[in-house]
Amino acid sequence: MTALLDDPLDAAALLRAGALVAFPTETVYGLGADARNAAAVAEIFAAKGRPHFNPLICHFADADSAFAEVRADARARALAARFWPGPLTLVLPRRADCRVELLAGAGLDTLAVRVPAHDLALAMLRAFGGPVAAPSANRSGRVSPTSPAHVMEELGGRIAAILDGGECAVGVESTVLDLGAGGAALLRPGGVPVEAIEAVIGPVGRPLSPEAAPAPTLRSPGLLLSHYAPVLPLRLDAREVAADEALLAFGPPLAGAAITEQLSLARDDREAARRLFGALRRLDAEGRRLGLRGIAAMPVPGGGLAPAIRDRLARAAAPRG
Ligand code: AMP
Ligand code: MG
């Protein structure tokens, strides 16, 4: 049985007991465990079916607690001051006395850290008083959850509880920035646009596109090519749509689809990010029920959160396996 919780103190108590608790953040729901407890961290990988080479992000109540576990330079401190709490994850060298289990970081000498901008998450983290390792609360490779119902679909029965915070406000995962190796490199586009980061610390190295960079060559082992995937095949940059396809629309929709979900009629990147994973889930479920051939996604051009949306769609469309 997976309990639905309202009180962040109950969530913290379960974490302390070594249990897995899904909790809301501004990006997507996370699947949390005490990052100092090897057995609890191992349970995260087991519940998700996540490969052990894919490291987890550690969540903290504030920057001081995060920087007690990793070495932060002036750039990291400037970014934390500007964007935390918020959807930015920093990859930094572990301190010698870092308490986070090596398994949580997949054995790397760096650790990904973040302070989420969500009142319930912060109240839980404060009450818990330690690092909480948390990937997205979905089965590995599947679409990330942005509501408690999504988490229940993915992990109901496999985890102790879900802290109910309603729908997530941002809807795509955090931006992951590597500050570990001297330069600054974008490992995953996300909730903080890279232009906003560059305004604080100067030029940031951009990743290869998902298509151009198969998983083994990536600096970030978790950036697997096939990810965030619905069951139905996804077709990108659709300029027309067939009668046996579901349509993921951005702006005025193409005519002729069997069913349509609108990301943002006004082509607003934030609205589209917030709706992305829920829309994919609904098209997938309804499209399978109707026996449709696949999902056609209209192009999502532009900056801001659009690069994160394009990244998720490209991975959702990538060949499986
Ligand atoms: P998720 O937890 O599913 O949101 O994914 C976390 C992302 O952060 C994955 O793509 C990981 O590969 C990446 N990540 C976490 N820790 C590190 C690290 N120490 N070095 C590089 N990438 C990391
Ligand atoms: Mg994930």
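Definitions and cut-offs
- Residues numbered from 1 in each chain as written.
- Chains lettered and ligands numbered in written order.
- Predicted model: local features only at pLDDT ≥ 70, side-chain atom pairs only at ≥ 80, totals over all residues.
- Heavy atoms only, no water.
- Axes fitted to C-alpha atoms, helices over the stretch in contact; angles between N-to-C directions.
- Helix = DSSP H or I, 4+ residues; strand = E, 2+ residues; numbered from the N terminus.
- Parallel < 35°, antiparallel > 145°, perpendicular 65-115°, else oblique.
- Left-handed = near helix turned anticlockwise from the far one by under 90°.
- Contact = heavy atoms within 4.5 Å.
- Pairing = 2+ DSSP bridges.
- Salt bridge = Lys/Arg side-chain N within 4 Å of Asp/Glu carboxyl O.
- Buried < 20%, exposed > 50% of the residue type's maximum accessible area, 1.4 Å probe, protein only.
- Phe/Tyr/Trp six-rings, centres within 6.5 Å; stacked < 30°, edge-to-face > 60°.
- Core = buried A, V, L, I, M, F, W, Y, C linked by side-chain atoms within 4.5 Å.

J.: Sorry if this is basic, but what is going on with the packing of helix H1 (residues 8-16) against helix H5 (residues 119-128) here?
T.: Packed helices, taken two at a time, are described by the angle their axes make and the gap between the axes. Running from N to C, H1 and H5 cross one another at 45°; their axes reach a closest spacing of 8 Å. If you check the angle between H1 and H5, you find them oblique. With respect to the hand of their crossing, H1 and H5 are arranged in right-handed fashion. Contacts from Pro8, Leu9, Ala11, Ala12, Leu15 and Arg16 in H1 reach Leu120, Ala123, Met124, Ala127 and Phe128 in H5.

J.: What exactly am I supposed to notice about the sheet that holds strand S13 (residues 259-262) here?
T.: Backbone-to-backbone hydrogen bonds pair the strands of a sheet. The strands run either parallel or antiparallel. The parallel open sheet is built from four strands, whose spatial order is S11-S14-S12-S13. On the outer flanks of this sheet lie strand S11 (234-235) and S13, each paired with one strand and no other. Strand direction decides the pairing type here: S11 and strand S14 (residues 294-297), joined by two bridges, are parallel. Within S14, the position partnered with Arg235 by the bridge is Ala296. Across the sheet, helix H8 (residues 269-289) touches S11, strand S12 (245-249), S13 and S14, and the angle it forms with S13 is around 170°.

J.: Sorry if this is basic, but what is going on with the pattern of salt bridges here?
T.: In a structure, side chains of opposite charge can pair up when their charged atoms sit close to one another. Scanning all chains against the criterion turns up 16 salt bridges. Here Arg114 ties to Glu26 by a salt bridge, and the two come within 2.8 Å at their closest N and O atoms. In this pair, Arg114 sits in strand S6 (residues 110-114) while Glu26 sits in the loop between strand S2 (21-23) and strand S3 (30-34), placing the two residues 88 residues apart along the sequence. Take Arg114: its relative accessible area is 2%, and that puts it in the buried class. Across the salt bridge formed by Arg36 and Asp34, the nearest N and O atoms sit 3.1 Å from each other.

J.: Even after reading the chapter, I still don't get the side chain of Arg281, so can you show me in this structure?
T.: The topology assignment puts Arg281 in helix H8. Once residues lying within four places of it in the same chain are set aside, the contact partners of Arg281 are Val143, Ser144, Pro145, His150, Glu153 and Glu154.

J.: Is there a simple way to think about the packing of aromatic side chains in this case?
T.: Two measures describe an aromatic ring pair: the distance that separates the ring centres and the angle between the ring planes. One pass over the structure, following the stated rule, counts one aromatic pair. Taking 5.5 Å as the distance between ring centres and 35° as the angle between the ring planes, the aromatic pair formed by Phe67 and Trp84 counts as tilted. In this pair, Phe67 sits in helix H3 (residues 63-67) while Trp84 sits in the loop between helix H4 (74-83) and strand S5 (88-93), placing the two residues 17 residues apart along the sequence. Of the two residues, Phe67 and Trp84, neither departs from the other in class, the shared state being buried.

J.: Honestly, the nonpolar core in this entry has me stumped. Any pointers?
T.: Among soluble globular proteins, nonpolar side chains are generally buried collectively. Leu90 and Val113 are the most contacted members of the largest nonpolar core, which totals 48 residues. Those elements giving two or more residues to this core turn out to be S3, helix H2 (38-48), H3, H4, S5, S6, helix H6 (148-155) and helix H7 (194-201). No other element matches the five residues that H2 contributes to this core. Setting aside residues no more than four positions away along its own chain, Leu90 makes contact with Ala76, Leu79, Trp84, Leu111, Ala112, Val113, Leu177 and Leu179. Core analysis: the next-biggest nonpolar cluster, separate from the first, contains 29 residues, Val170, Val172, Phe277 and Ile295 among them.

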